[in-house]
Amino acid sequence: MRMKIMVIGGGGREHAIIRALRKNRDVETVYALPGNAGMEDTVCVNVAATDLEGVVAFTREHRVDLAVVTPDDPLVLGMVDLLEAEGIPCFGPRRNAAILEGSKVFAKTFMKRWNIPTAAWEVFGDAEAAKDYVQRADLPLVIKADGLALGKGVIIAKTREEALEAVDRIMVQKVFGKSGERVIVEEFLEGPEVTLLTLTDGESLVPLLSSMDHKRAGDGDTGLNTGGMGCIAPNPFYTPQVHRRCMEEICLPTIRGMAAEGRPFRGCLYFGLMLTEKGPKVIEYNCRFGDPEAQTILPLMETDLLQAMLAVTQNRLGEEDIRFSSDSSCCVILASAGYPGKYEKGREITVPGDLLEHVYMAGVAREKGKLVTSGGRVMGVLGRGASLSEAVHQAYARVDRIEFENRQYRRDIGQRALAVTGGK
Ligand code: AMP
Ligand code: GLY
């Protein structure tokens, strides 16, 4: 059967998903809403990922055989519920399961109910009570807005002043709007961070490759938090022993708990983990593929992504054998000058033709036939090799051949991991 697929979203992650889906010859047409100007073999449709009515209207005019809903906000808003009501098979959780990312208070109370290890925490619906607690608690503290906040709702406060200011910004100045009606104050955890992406149909859970994102803007993990400036996979801190423990103590209890609460999770469940001295703990759940984690791991996937996604939507993931290459990969993000603050736009981009297949386009647009920058994270550049050091090398050699004015990127993606692998 020749299939028509609709992918919601328009970043590098969606570009990587579309490329992986396109490897299947049964795919006839891919619509991306809104997609971006750098996506090949894709029909980009000018409907925003959060425009629920617009997306439903599009599917009434264009029959699609599968919808892949990728970004957090449409998932949390319930796009999958609406599309399923139209009879469209969807890869992505329903609203009642996406709440695992949509409300940190839900996620924390859920982990408490199911005894899943996470940082100690308190929740406050009142600024004065939160400030009172922050005056007494041990430092450093982590302050989190309850709802979605474009990845900016987490503040790590080393001093009481910073903690008080964070509570004030979230709850009094309401910089994240309704997302900040409740605030979580959390214990600061230390250890290497791991992203584990998994596929689940609500009953079975299949781990994909582990990876390590680099969230801060500057080398050596300095500067502001971003959506992610680069990633490597697999993550060498995530050993088979750690994996067994994470599956038993975290991943399986999570999907069982969600199913038992009548919220079966179907889609990609993202476990943000901290490997502390006291064992692995959950920092956050996301209800979707990570960006740039998807760009980093999907090129190493040897099993067909479309088949795996269909198995998820048809509740038969348990029958699938999902395999990855033993190679390593490294994705370096090229960003516009100023990102994650106010950034430049409209710079002309030059990518040599032989590199295009290794580049995942994100914040790009077409102006007078030329590709130009239009977003903060412009593209991800992939390297791959039998060892992590080869992958890192190849990624940076490719970065050197790509041009746009004032591009900004980290020079140290993979260095923390290479310190564990002994430089290999
Ligand atoms: P998030 O926006 O939830 O992805 O969090 C951003 C980053 O903040 C995470 O990737 C961690 O590096 C850091 N973080 C979140 N919670 C904690 C915590 N309890 N202890 C230490 N770091 C944390
Ligand atoms: N790279 C982190 C995220 O996608 O949330």
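Refer to the structure printed above.
Let us look at the structure shown here. (Residues numbered from 1 in each chain as written. Chains lettered and ligands numbered in written order. Predicted model: local features only at pLDDT ≥ 70, side-chain atom pairs only at ≥ 80, totals over all residues. Heavy atoms only, no water.)

### What about the overall build of the protein chain?
Right, on to step 1. On a plain count of helices and strands, the protein chain comes out with 13 helices and 21 strands.
Right, on to step 2. Its C-alpha atoms give the protein chain a radius of gyration of 21 Å, near enough to 22 Å, the size a compact globule of 424 residues would have.
Right, on to step 3. Taken over the C-alpha atoms alone, the protein chain extends approximately 60 × 45 × 45 Å along its principal axes.
Right, on to step 4. When burial is assessed residue by residue, the protein chain has 57% of its 424 residues classed as buried.
Right, on to step 5. Of the contacts made within the protein chain by residues no fewer than 6 positions apart, 67% connect residues no fewer than 24 positions apart.
Right, on to step 6. If you average the places of the 52 positive and of the 58 negative side-chain charges in the protein chain, the two averages end up 1 Å apart. (Helix = DSSP H or I, 4+ residues; strand = E, 2+ residues; numbered from the N terminus. Rg over C-alpha atoms; globule rule 2.2 N^0.38 Å. Buried < 20%, exposed > 50% of the residue type's maximum accessible area, 1.4 Å probe, protein only. Contact = heavy atoms within 4.5 Å. Lys, Arg positive; Asp, Glu negative; His and termini not counted. Charge placed at Lys NZ, Arg CZ, Asp CG, Glu CD.)

### Topic: the side chain of Ser336
Right, on to step 1. In this fold, Ser336 is placed in the loop between strand S17 (328-335) and strand S18 (359-361).
Right, on to step 2. According to the relative accessible area criterion, Ser336 is buried, its value standing at 2%.
Right, on to step 3. Once residues lying within four places of it in the same chain are set aside, the contact partners of Ser336 are Tyr343, Glu344, Thr373, Gly375, Gly376, Val378, Phe404, Asn406 and Gln408.

### Considering the pattern of salt bridges
Right, on to step 1. Under the criterion given, the structure shown has 26 salt bridges.
Right, on to step 2. What emerges from the salt-bridge pattern is a single network uniting Arg2, Lys4 and Glu28. (Salt bridge = Lys/Arg side-chain N within 4 Å of Asp/Glu carboxyl O.)

### Here's the deal with helix H12 (residues 388-399)
Right, on to step 1. When the terminal C-alpha atoms of H12 are compared, their 17 Å separation across twelve residues agrees well with the 16 Å that a helix rising 1.5 Å per residue should span.
Right, on to step 2. Every buried residue of H12 is accounted for by Leu388, Ala391, Val392, Ala395, Tyr396, Arg398 and Val399. For H12, the angular spread of buried residues about the axis comes to 160°, placing them on one side.
Right, on to step 3. Looking at the buried side of H12, the elements it contacts are strand S14 (230-233), S17, strand S21 (377-385) and helix H13 (415-421). (Expected span 1.5 Å × (residues − 1). Arc of directions from axis to C-beta.)

### A word on the sheet that holds strand S2 (residues 27-34)
Right, on to step 1. Pairing is parallel in the open sheet, where five strands are placed in the order S3-S2-S1-S4-S5. Each having just a single partner strand, strand S3 (43-44) and strand S5 (90-91) make up the two edges of the open sheet.
Right, on to step 2. Sheet topology note: the strand S4 (residues 66-69)/S5 ladder contains two bridges and is parallel. Note on S5: the bridge partner recorded for Val68 is Phe91.
Right, on to step 3. Across the sheet, helix H2 (residues 52-61) lies against strand S1 (3-9) and S2, angled at about 170° from S1, the strand it touches most. (Pairing = 2+ DSSP bridges. Axes fitted to C-alpha atoms, helices over the stretch in contact; angles between N-to-C directions.)

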